[in-house]
Amino acid sequence: SELGYRFMIMPNDNKVVCMCPKCVAAGNTEKDAMPALSNFMVKVAKHFPKHLFFTTAYLTVLSPPKKPWPDNTGVVISTIHLPKGIALESSKALSEFLDMKNAWMQKVSHIYIWDYAANFDDWMTPLPILYALQKHLQFYKKEHIEGVFLNGSGYDYAPFDDVKTYASSALMMDVDLSVDSLCRKYMTHCYPVSGEYLADYYLSIEKRSQELNKPYELYGNLRSSIIFADLDKFVAFYDGLEDYITKSADEEKSKLKKLQTALSFTRLQLALYQGAGKHG
């Protein structure tokens, strides 16, 4: 093809390394699959010079190859060990990430990031992620990261998923846009009756999360959530949705019912968590 495409050559998400005679001869060990993968990457990159070929820096292919790869190769580095939901500051995890990134930069021409923008199991719904995501994207740009693959929730729907997708997409094109403006623009356009109500609440938890400056766990549970720092505000927002559902129509009503249904899980979990407390 005359068009250039991007291909990901990615081992399975496990620690299994092929130890067949040919892979062992290439240099594979029980923990390192990079030697055999490197041979293959170089071969396909040279054979198809118009396309880009990527692999991941993850598990069995964590370390870069010993020799540089052709110019049409790259790596997607996982940020799974970096803190989520706060600005990236000096730490052992950040130092290790930068060392890995710089080592790969010596071997490939394109550095991408596999980043995470949600508590994967969605226990912490609704989760504010945009203020922190903007800080991360600004940091990656400063570090000459070329692109970002953004991993969201592991399920089909998460509350405020639409506005977060819109704002995240915009930030990935321009890391310095105003998060508040993006959210209000989207909400008031897509939710003509309830937009201001939704935007006020969502941006309030973004601000609260920023003030707390506490990372969230990628696979954390309700008890570790930072979202319930203001339980009264969450419950008031949840209860207030019913009025806006009554006032709205058509697509907006449908979306608000979906939001209410998803947040009902959070409300029930909160009641269980509170027990005999105020919202239990």
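Just so it is clear, the model here is predicted, and its values are computed rather than measured.

**Some points on the side chain of Ser248**
- Within the secondary structure, Ser248 is located in the loop between helix H8 (231-247) and helix H9 (250-274).
- Within the structure, Ser248 has its side chain in polar contact with the backbone oxygen of Ile245 (distance 3.2 Å).

**Notes on a nonpolar patch on the surface**
- On the surface, Leu3, Tyr5 and Phe7 cluster together into a nonpolar patch covering about 310 Å² of accessible area.
- Note on Leu3: relative accessible area 54%, which makes it exposed.

**Looking at the environment of Ala167**
- Examined against the element boundaries, Ala167 turns out to sit in helix H5 (residues 161-173).
- According to the relative accessible area criterion, Ala167 is buried, its value standing at 0%.
- Counting along the chain gives 10 residues from Ala167 to Leu177, while the straight-line C-alpha distance between them is 9.1 Å.
- Apart from the residues lying within four places of it in its own chain, the contact partners of Ala167 are Leu130 and Leu182.

**Some details on the sheet that holds strand E2 (residues 52-57)**
- Read across the open sheet, the 5 strands follow the order E1-E2-E3-E4-E5; overall the sheet is parallel. Edge positions in the open sheet fall to strand E1 (6-8) and strand E5 (147-151), since each of these has one partner strand only. Put simply, the sheet's adjacent strands are angled 25 degrees from each other on average, direction ignored.
- The pairing of E1 with E2 spans 3 bridges and is classified as parallel. For Phe7, the partnering residue across the bridge sits in E2 and is Phe53.
- Here helix H3 (residues 92-105) sits on the sheet in contact with E2, strand E3 (73-78) and strand E4 (110-116), set at roughly 175 degrees to E3.

**Considerations on the packing of aromatic side chains**
- Summed over all chains, the structure comprises 14 aromatic pairs.
- Both rings, one in Phe97 and one in Tyr140, keep their centres 6.3 Å apart while their planes meet at 50 degrees; by these two values the pair is tilted. Here the residue Phe97 occupies a position in helix H3, and Tyr140 occupies one in helix H4 (residues 130-142), the gap between them amounting to 43 residues.
- Looking at Phe97, the relative accessible area reads 5%, which means it is buried.
- Classification of Tyr140 as buried rests on a relative accessible area of 1%.
- Arranged with centres 6.2 Å apart and planes meeting at 70 degrees, the rings of Phe139 and Tyr140 form a pair that is edge-to-face.
- One aromatic cluster is present, formed by Phe160, Tyr197, Tyr201, Tyr202, Phe237 and Tyr244 through successive ring pairs.
- The ring of Tyr191 has Lys255 lying over it, and the distance from NZ or CZ to the ring centre is 5.3 Å.

**Looking at the nonpolar core**
- Core analysis: the biggest nonpolar cluster contains 65 residues, and Trp104, Tyr140, Leu198 and Phe237 have the highest contact counts within it.
- Apart from the residues lying within four places of it in its own chain, the contact partners of Trp104 are Met34, Thr55, Ala57, Val61, Leu62, Ser63, Pro64, Pro65, Trp69, Val75, Ile77 and Ile111.

**Some points on the confidence of the model for the chain**
- Taken over all residues, the pLDDT of the chain has a mean of 92, while the share at 70 or more is 98%.
- No element of the chain has a lower mean pLDDT than E5, at 91, and none a higher one than helix H6 (residues 179-190), at 98.

**Notes on helix H2 (residues 34-47)**
- Compared with the 20 Å implied by 1.5 Å per residue over 14 residues, the 20 Å span of H2 between its first and last C-alpha is a close match.
- What H2 keeps buried is the set Met34, Pro35, Ala36, Leu37, Ser38, Met41, Val44 and Ala45.
- Close packing links the buried residues of H2 with helix H1 (21-26), E2, E3 and H3.

**Remarks on the pairing of E2**
- By the criterion of burial, E2 is predominantly enclosed, with 6 of the 6 residues buried.
- In terms of strand pairing, E2 meets E3 through 5 bridges, oriented parallel. The residue bridging Phe54 from the neighbouring strand is Gly74, located in E3.

**Digging into the environment of Pro68**
- Among the structural elements, Pro68 can be located in the loop between E2 and E3.
- Residues Pro68 and Lys107, 39 residues apart in the sequence, show an inter-C-alpha distance of 4.0 Å.
- Beyond its immediate stretch of four places on either side in the chain, Pro68 contacts Gln106 and Lys107.

Thresholds applied
- Residues numbered from 1 in each chain as written.
- Predicted model: local features only at pLDDT ≥ 70, side-chain atom pairs only at ≥ 80, totals over all residues.
- Heavy atoms only, no water.
- Helix = DSSP H or I, 4+ residues; strand = E, 2+ residues; numbered from the N terminus.
- Polar contact = N/O pair within 3.5 Å; in protein donor to acceptor, adjacent residues only side chain to side chain.
- Patch = residues over 30% accessible without salt bridge, like charges linked within 9 Å, V, L, I, M, F, W, Y side chains within 5 Å.
- Areas by Shrake-Rupley, 256 points an atom, 1.4 Å probe, with all protein chains shown as cover.
- Salt bridge = Lys/Arg side-chain N within 4 Å of Asp/Glu carboxyl O.
- Buried < 20%, exposed > 50% of the residue type's maximum accessible area, 1.4 Å probe, protein only.
- Contact = heavy atoms within 4.5 Å.
- Pairing = 2+ DSSP bridges.
- Axes fitted to C-alpha atoms, helices over the stretch in contact; angles between N-to-C directions.
- Phe/Tyr/Trp six-rings, centres within 6.5 Å; stacked < 30°, edge-to-face > 60°.
- Lys NZ or Arg CZ within 6 Å of the ring centre and 35° of its normal.
- Core = buried A, V, L, I, M, F, W, Y, C linked by side-chain atoms within 4.5 Å.
- pLDDT = per-residue confidence, 0-100.
- Expected span 1.5 Å × (residues − 1).

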